[in-house]
Amino acid sequence: MKHFAPRAMAFAIASAFVFNTASAAPAVAGPARAENAYLSEADAMARSARVSNVDYVLDFTLTGKESFAGTTTVTFDLKDTDSALTIDLDKATVKSVSINGRQVPARYNNWFVTLAPEHLAKGRNTVTISYERLHSTNGEGLHRMVDPVDGRVYTYSHFEPAAAHQMFAVFDQPDLKATYTVTVNAPADWHVITTTRESHIADAAGGKRWTFPKTKKLSPYNFSLHVGPYQVWEDKSGKYPMRLFARQSVAKQVTPSDWFRYTKAGLEFFDNYYGIPYQFEKYDQLLVPDFLYGAMENAAAITFAEAGFLYKAEMTPAQKMRLAEVIMHEMAHQWFGDLVTMKWWNGLWLNESFASFMATLATAEATEFKDAWQAFYQQDKQGAYTMDQKVSTHPIEVPVPSSANAFDNIDAITYSKGASTLKQLRHMLGEETFRKGVHNYLVKYAWQNATLDDFIRSLGDAAGRDLSKWSRDWLYQAGVNTITANYSCSNGKIANFALAQTAPSKELPTLREQRVQVAAFKRENGKLVLAKNVPVTYAGARTNVAAMVGAACPDLVYPNYQDWGFVKVNLDKRSFETARSTLGGVEDPLLRAMLWQALWDGVRDAKLPLNEFIQVALANAPQEKDYTLLGDVLGKVTSSKYYLDAMGLDNAYAKQTGKKLEDLAWQGVVANKGNDSFQRRWFGTYMSLASSQEALARLAGMLEGKGTEGLNISQDQRWGIINRLNRYDYQGAAALVEAEQARDKSDTGQGAAIAATVVRPDPKVKSEWLSTVEDLKTKLPFSRIRTAMGSMYPVEQHKLAEQTASDRLAKLPAIDKAAGPVFMRTYANTMIPAGCTPQSVQRLQGAADTMKDLSAGTRRSLLDTLQEDQRCVAIKKAMTAPKS
């Protein structure tokens, strides 16, 4: 899966049993597990110790209405009948339950059905449960969406981490793999997509009846079902037939040729790399609405979030690279995740880390994006470094006591630090040894469940070495280490050279072993020239590097050249000054990216004044000709403006600097006229920086086709402009929202209109939408609520945010308790107030000291918000420009 958020759960369900038959149930032993909505690891392991050889026969009837009907017939081997057995089914109306051909009372509590031991047999059992259920509207289970453009109804499933039981009765845990045989009744003009291709379609009352053959063994979360009047494209040019699906109203925004080209290239790459052919007979991909994440690796029927992959203009190179990388990520899972699956949710990180690593490798080697590792460094890896320096950092491998906690720690550490550790392990073991270990692991555990120890053992066996210490240091200990090159020169030569490694804190003391390249550079005619490059495996607090002694005294040393290691680099003083003054003289774009990052780290660590970084950016950004790096540099420019706005500076410096940054971006737009991809990148930055009346007036004019400098303003960009105009209360901006809604009736248009409305600096609008967000019974789809949360309090709207800040913080425990984790993942990351003032820090500190009973995810968001607020105050204090 690409990107993440945990499952939603309403806690207002009565815990009393619900009986769906007239007769009373016979007395049975107590329930096999705790009476709540989640499954503990202990209960799951107890169940899988008793249950094996599971087969599902699933029958669904979908009409397009708000509910659907289903029947699960599950056959399984049972080790004993010593106690009751449970089967998961969420918030359904159970019509009947039969066990081994005998109708029995339904002992059901809205979370799971309890099967009495006297009805079960030692050995083979068959249980049939018929039920009805509302479609989900939060992106989990069997989600339903009505297209606002044409009224067509679309459904799709999403089950990770443990939401299959929101669609059918199931042993919803990853280590009870099963086969699935499916039949579906659906309207005549609908497509039905699942793991296998249909074997038969017949006329039936109200539509068609689709029959599918039995699947191979899959964990419940890897099975899927998607039903609706989707547009379909097909490509049979490769080894495996490919299909692509999307809503009919957005079909014109899809470029099937790109999807099929990257998919075909990826399947060929992974077949060769893994040494195991793709195991499913077809490769389907679906663009679906209201999706919570980026994409999901359902076996042979992968889902992608429309919001991330639909464009109303030709895709830029950056957008194409992201498409290729996400396709590769989900494809990597078809082997590592679907073919071989983790035993419990604590292994989810390995699935995601490995897929992130393999996606970048495949993108770099099988597509036109040869700089994919540079993009990984700039984006994914920086996210991991940032996360690993937070107070809420955690080891890569963590216990998951319950399905409620499955996504508590699914973040940049899970995805990107994990991928980075695999990348550096590959360098340490050797590329072919690493590949051999992966192949052996997949062969040994095919169609089974495996653990982290199984994976590490396979790599260690291939390398002929014990990786247990590496595993302990890297996977079970949190924090990012820092390395510094310590050296001295004499007579123009390096006299001594060592790498110094430090731990982040006393609480996180681990020093790790890894292999890096230490590179020394000399400045010649305004250019930085590589003078010496030495691969080094370092460990402990100090590692002498004898191979550097005697080399010419360098102007800059970078001790993680070409990004082999996962480590924060602290440039020595001489190298830091060289980086500041010679960015334009660095020809290698990856090294240039690393030096930009070193400067930005200086800002975030309050060592380099923000205003001095801005001067470096103003001088160097216009000269950047590497498209991938330009995106990173302009991102840092935008972040600089964010900090200035967060500080609430209302003085001549802030206004002048804001104007300089606007001018920088607009000059980039003008200078790149005729170079569409670069021009669009600069224009996106301009929209993110525009706040002066002059800049807003220019944007308003572009809506009317004035001063576009050759840009073709797409519908997405029109909404971006309208959002910006409303955010800064530009004259007539509110009316533009209504007019644009009439012009764009699409689902994305509706969401954009909400964003442009909520973002307005209008106390009445804020109050109304805050009430809607806090109303957990609102009828608005969660996708709309999520949009509103993200637009509520832009960083510069200090006074408006402050009006409700104390109240929002005070309500946090009650909302956290009532809302559930899907809601809170967005709420806690957008609605906890921070003001970049000592007073705001104090308020957050008080909440952190007293709100100890928050859910794990919300507690972490609170602590992170406090730390980032402290960081902002420190960055402000470090500035040498006027701060008042």
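Provided above is the structure to which this section pertains.
Note that this is a predicted model, so its numbers are computed, not measured.

What follows covers the overall build of the protein chain. Tallying secondary structure elements over the protein chain gives 26 helices and 30 strands in all. Relative to the globule expectation of 29 Å for 884 residues, the C-alpha radius of gyration of the protein chain, 28 Å, shows essentially globular dimensions. Put simply, 72% of the contacts in the protein chain that link residues at least 6 apart link residues at least 24 apart. Per element, the accessible surface of the protein chain, about 32700 Å² overall, is 50% carbon and sulfur.

An order of β27-β26-β29 is seen for the 3 strands of this open sheet, with the pairing classed as antiparallel. Among the strands making up the open sheet, the edge pair consists of β27 (527-538) and β29 (556-558). Neighbour to neighbour, the strand axes of the sheet diverge by 20° on average, direction disregarded. Of the strand pairs in this sheet, strand β26 (residues 514-524) and β27 are connected by 11 bridges, and their pairing is antiparallel. Across the sheet, Q517 pairs through a bridge with P535, a residue of β27.

Core analysis: the largest hydrophobic core is formed by 190 residues, its most contacted members being F60, F168 and Y274. For this core, the leading source of residues is helix α5 (residues 348-366), giving 10 residues. Within the second largest apolar cluster, 98 residues are counted, among which are L608, V616, L649 and V737.

Here, disulfide denotes a covalent bond that connects the sulfur atoms of two cysteines. Tallied over the entire structure, the rule returns 2 disulfides. Sulfur-sulfur distance for the disulfide between C489 and C553 comes to 2.0 Å. Measuring handedness by torsion sign, the sulfur bridge of C489 and C553 sits at about 90° and is right-handed. Of this pair, C489 sits in strand β24 (residues 482-490) while C553 sits in the loop between β28 (542-544) and β29, and the two are 64 residues apart along the sequence. With its sulfur 2.1 Å from that of its partner, C836 forms a disulfide with C872. Looking along the S-S bond of the C836-C872 disulfide, the torsion reads about -95°, which is the left-handed sense. On the criterion of sequence distance, the pair formed by C836 in the loop between α24 (821-830) and α25 (838-850) and C872 in helix α26 (residues 856-878) is long-range, its members being 36 residues apart. In terms of burial, C836 and C872 fall into one category: buried. If the cysteines joined by disulfides in the protein chain are listed in sequence order, their pairing comes out as 1-2, 3-4.

Moving on, we come to the pattern of salt bridges. Inspection of the entire model under this criterion finds 51 salt bridges. K423 is paired through a salt bridge with D563; the nearest N and O atoms lie 3.9 Å apart. Pair noted here: K423 is in helix α7 (residues 412-429) and D563 is in the loop between β29 and β30 (568-569), with a separation of 140 residues, a long-range link. The buried category is assigned to D563, whose relative accessible area is 2%. Across the pair R592 and E624 runs a salt bridge whose closest N-O atoms are separated by 2.7 Å. Separated by 32 residues along the polypeptide, R592 in helix α12 (residues 589-604) and E624 in the loop between α13 (610-620) and α14 (627-646) bring together distant segments of the chain. Exposure class is identical for R592 and E624. Each is buried. The network of salt bridges with shared partners includes K568, R604, D605, E868 and R871.

A few words on helix α19 (residues 733-743). Taken residue by residue, α19 has A733, V737 and E740 as its buried positions. Each buried residue of α19 lies within a common arc of 75° when the element is viewed along its axis, so the set occupies one face. Residues of α19 that are exposed and point more than 90 degrees away from the buried face comprise A735, E738 and A742. Of the surrounding secondary structure, the elements contacted by the buried residues of α19 are α18 (715-727) and α20 (747-758).

Looking now at the sheet that holds strand β11 (residues 153-158). Judged by pairing direction, the sheet is antiparallel, and its 4 strands sit side by side in the order β10-β11-β16-β13 without closing on themselves. A single partner strand is all that each edge strand has here, and the edge strands are β10 (141-146) and β13 (191-194). Averaged over all pairs of adjacent strands, the angle between their axes in this sheet comes to 10°, without regard to strand direction. In terms of strand pairing, β13 meets strand β16 (residues 225-228) through 4 bridges, oriented antiparallel. Following the sheet pairing, I193 is matched in β16 by H226.

Going through the model one piece at a time under the given rule, you end up with 51 aromatic pairs. Ring centres of F270 and Y274 lie 5.4 Å apart, and the angle between their planes is 15°; on these two criteria the pair is classed as stacked. Taken together, the residues span about one helical turn, with F270 and Y274 both in helix α2 (residues 256-274) at a distance of 4 residues. Each member of the pair F270 and Y274 is classed as buried. Positioned over the ring face of W373 is K423, at 5.2 Å from the centre of the ring.

The next thing to look at is the environment of A163. Tracing the backbone shows A163 in the loop between β11 and β12 (178-186). The class for A163 is buried, based on a relative accessible area of 0%. Sequence separation of A163 and E140 is 23 residues, and the distance between their C-alpha atoms is 6.4 Å. Apart from residues lying up to four places away in sequence, A163 is in contact with E140, G141, H158 and D172.

The next subject is empty space enclosed by the protein. For the structure shown, the criterion picks out 4 cavities of 30 Å³ or more. One number sums up the size of the largest cavity: a volume of about 120 Å³. Around the largest cavity sit 13 residues that line it, and Y377, Y385, Y558, V569 and D601 are the ones nearest its centre. Those elements giving two or more residues to the lining of the largest cavity turn out to be α6 (372-388), β30 and α12.

Most peptide bonds are trans, and most residues other than glycine sit at a negative phi. Cis rather than trans, the peptide bond between E160 and P161 has omega equal to 10°. The topology assignment puts P161 in the loop between β11 and β12. Despite not being glycine, K91 shows a phi value in the positive range, around 50°. Mapping K91 onto the fold places it in the loop between β4 (85-88) and β5 (93-99). With phi around 55°, E709 is a residue other than glycine that occupies positive phi space. Residue position: E709 is located in the loop between α17 (693-703) and α18. Taking relative accessible area as the criterion, E709 reaches 25% and is therefore assigned partly exposed.

This next bit is on the environment of Y262. By the secondary structure assignment, Y262 is in helix α2. Classification of Y262 as buried rests on a relative accessible area of 1%. Residues Y262 and K320, spaced 58 residues apart in sequence, show a C-alpha to C-alpha distance of 9.5 Å. When neighbours within four sequence positions are excluded, Y262 is seen to be in contact with K320, L323, A324, I327, M328, T367, E368 and F369. At 2.8 Å, the side chain of Y262 forms a polar contact with the side chain of E368.

One way to put it is that α7 packs onto helix α10 (residues 468-475) with a least axis distance of 12 Å and a crossing angle of 155°. With respect to α10, the axis of α7 lies roughly antiparallel. Judged by the twist between their axes, the crossing of α7 over α10 is right-handed. Counted together, T421, Q424, L425 and M428 of α7 and W470, W474 and L475 of α10 form the full contact between these two elements. For the contact of α7 with α10, a count of residues per class yields 5 nonpolar, 2 polar and no charged.

Before going further, it helps to spend a moment on the pairing of strand β2 (residues 51-61). Inspection of the sheet shows β2 paired to strand β3 (residues 67-78) by 9 bridges, in the antiparallel sense. Looking at the pairing, S52 lines up with D77 of β3. Counted along the chain from β2 to the antiparallel partner β3, the turn is 5 residues long, and its residue G64 has a positive phi close to 100°. The sheet contact formed by β2 and β12 spans 8 bridges and is parallel. When the bridges of β12 are listed, V57 appears paired with T181.

Analysis parameters
- Residues numbered from 1 in each chain as written.
- Predicted model: local features only at pLDDT ≥ 70, side-chain atom pairs only at ≥ 80, totals over all residues.
- Heavy atoms only, no water.
- Helix = DSSP H or I, 4+ residues; strand = E, 2+ residues; numbered from the N terminus.
- Rg over C-alpha atoms; globule rule 2.2 N^0.38 Å.
- Contact = heavy atoms within 4.5 Å.
- Areas by Shrake-Rupley, 256 points an atom, 1.4 Å probe, with all protein chains shown as cover.
- Pairing = 2+ DSSP bridges.
- Axes fitted to C-alpha atoms, helices over the stretch in contact; angles between N-to-C directions.
- Core = buried A, V, L, I, M, F, W, Y, C linked by side-chain atoms within 4.5 Å.
- Buried < 20%, exposed > 50% of the residue type's maximum accessible area, 1.4 Å probe, protein only.
- Disulfide = S-S within 2.5 Å.
- Salt bridge = Lys/Arg side-chain N within 4 Å of Asp/Glu carboxyl O.
- Arc of directions from axis to C-beta.
- Phe/Tyr/Trp six-rings, centres within 6.5 Å; stacked < 30°, edge-to-face > 60°.
- Lys NZ or Arg CZ within 6 Å of the ring centre and 35° of its normal.
- 1 Å grid on protein atoms, 1.4 Å probe; cavity = no way out; pocket = protein on both sides within 12 Å on 5 of 7 lines; lining within 4 Å.
- Points joined across faces, edges and corners; volume = space filled by probe spheres on them.
- Polar contact = N/O pair within 3.5 Å; in protein donor to acceptor, adjacent residues only side chain to side chain.
- Parallel < 35°, antiparallel > 145°, perpendicular 65-115°, else oblique.
- Left-handed = near helix turned anticlockwise from the far one by under 90°.
- Nonpolar A, V, L, I, M, F, W, Y, C, P; charged D, E, K, R; others polar.

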